[in-house]
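Results of the structural survey
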Amino acid sequence: MTGDSAPIYDDKAHVRGNLDLTKAEWQRAAEPGADPDGEYVEIAFVEHTDGVTYTAMRNSKYPDGTILVFTPSEWDAFVQGVRAGEFDEPW
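Notes on the structure in this doc start here.

What counts as what
- Residues numbered from 1 in each chain as written.
- Predicted model: local features only at pLDDT ≥ 70, side-chain atom pairs only at ≥ 80, totals over all residues.
- Heavy atoms only, no water.
- Helix = DSSP H or I, 4+ residues; strand = E, 2+ residues; numbered from the N terminus.
- Contact = heavy atoms within 4.5 Å.
- Expected span 1.5 Å × (residues − 1).
- Buried < 20%, exposed > 50% of the residue type's maximum accessible area, 1.4 Å probe, protein only.
- Arc of directions from axis to C-beta.
- Core = buried A, V, L, I, M, F, W, Y, C linked by side-chain atoms within 4.5 Å.

Inspection of the secondary structure puts Phe 78 in helix H1 (residues 72-83). With near-sequence residues (within four places) excluded, Phe 78 lies in contact with Met 57 and Phe 87.

Below, the discussion takes up H1. With 12 residues, H1 ought to run about 16 Å at 1.5 Å a step, and its terminal C-alpha atoms sit 17 Å apart, in line with that. Restricting attention to buried positions, one finds in H1 the residues Trp 75, Val 79 and Gly 81. Within H1, the buried residues cover an arc of 160° as seen down the axis, which keeps them to one side. Residues of H1 that are exposed and point over 90 degrees away from its buried face: Ser 73 and Gln 80.

Right, let's get into the nonpolar core. Val 15, Leu 19, Ala 24, Ala 44, Val 46 and Tyr 54 form the largest nonpolar core, which has 6 residues in total. Those residues in contact with Ala 24, other than ones at most four positions away along the chain, are Ala 44 and Val 46. Listed in part, the 5 residues of the second largest apolar core include Met 57, Phe 70, Trp 75 and Val 79.

Now the structure itself:
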């Protein structure tokens, strides 16, 4: 069945472009003594008017660049994947 696919549910459609990041408190995990001007992943927990707290993620070198937004369940799945080593580079 070419072209047939499962329907896509966009549970962030009402958030996309409407999440106020102006007061976001960006945080990063850095090793002690790490270069403060280095490139890091930064996250912020941002409450939306729908009452849900979303997790925003960006690159510290490009704070005005692309920002990824995760629902609470997406963030939980991402963190579990990190802890399980799903994103580790192969040695």
